[in-house]
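Secondary and tertiary structure notes
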Amino acid sequence: MNLNINVNQSEEHIQIDLAGEIDAYTAPKLREELMPLAEKGKPVMIVSLKDVSYMDSTGLGAFVGLLKAVRKNEGDLKLVNLSARLERLFNITGLSDIIDISSKSEGGVR
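Basis of the calculations
Residues numbered from 1 in each chain as written. Predicted model: local features only at pLDDT ≥ 70, side-chain atom pairs only at ≥ 80, totals over all residues. Heavy atoms only, no water. Helix = DSSP H or I, 4+ residues; strand = E, 2+ residues; numbered from the N terminus. Expected span 1.5 Å × (residues − 1). Buried < 20%, exposed > 50% of the residue type's maximum accessible area, 1.4 Å probe, protein only. Contact = heavy atoms within 4.5 Å. Polar contact = N/O pair within 3.5 Å; in protein donor to acceptor, adjacent residues only side chain to side chain. Salt bridge = Lys/Arg side-chain N within 4 Å of Asp/Glu carboxyl O. 1 Å grid on protein atoms, 1.4 Å probe; cavity = no way out; pocket = protein on both sides within 12 Å on 5 of 7 lines; lining within 4 Å. Points joined across faces, edges and corners; volume = space filled by probe spheres on them. Nonpolar A, V, L, I, M, F, W, Y, C, P; charged D, E, K, R; others polar.

This paragraph deals with helix 2 (residues 57–72). With 16 residues, helix 2 extends 23 Å between its outermost C-alpha atoms, agreeing within 8% with the 22 Å of an ideal straight helix rising 1.5 Å per residue. Among the residues making up helix 2, those that are buried are Gly59, Leu60, Ala62, Phe63, Leu66, Leu67, Ala69 and Val70. The secondary structure elements touched by the buried residues of helix 2 are strand 2 (14–22), helix 1 (27–38), strand 3 (44–55), strand 4 (76–80) and helix 3 (84–93). Its side-chain oxygen 2.9 Å from the backbone nitrogen of Thr58, Asp56 forms the N-cap of helix 2.

Before going further, it helps to spend a moment on the pattern of salt bridges. Applying the stated rule across the entire model yields two salt bridges. Note that Glu74 and Lys42 form a salt bridge whose closest N and O atoms lie 3.3 Å from each other. Placement of the pair is Glu74 in the loop between helix 2 and strand 4 and Lys42 in the loop between helix 1 and strand 3, with a sequence separation of 32 residues. As far as burial versus exposure is concerned, Glu74 and Lys42 are alike and both exposed.

Okay, empty space enclosed by the protein next. Gaps left between atoms show up when a probe the size of a water molecule is rolled over them. All told, the structure shown has one cavity of 30 Å³ or more when counted by the stated rule. In this model, the largest cavity occupies a volume close to 40 Å³. As for the largest cavity, its lining consists of Leu30, Arg31, Leu34, Met35, Ala62, Phe63 and Leu66. Put simply, the parts of the chain that give the lining of the largest cavity at least two residues each are helix 1 and helix 2. With four residues, helix 1 is the single largest residue contributor to the lining of the largest cavity. Looking at the lining of the largest cavity, its residues break down into six nonpolar, no polar and one charged.

All quantities given are derived from atomic positions and should not be read as evidence of function.
So, in structure tokens, the structure goes:
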């Protein structure tokens, strides 16, 4: 089980591309790398889940924690490029009502 995290920062936003699985083994790595970014300034974080093949409840919890940190710092979090399976997971859990998700890329963000 592996998770690759690629972060690209610009003046407008922080683009994060994730690839692999987000579960109990990889969620700590996700939190460790993204929480410091969420706690700086007013972050606008766009996370692409295009290459995420699996996510469990630990991964969902990591995104809830990230959302709280971003909002605490008056920022914004958007999850893009969700597969139908991941989008359904966010919908079933009700997290799609509190986290901005999209199955498509937006604003030229891949």
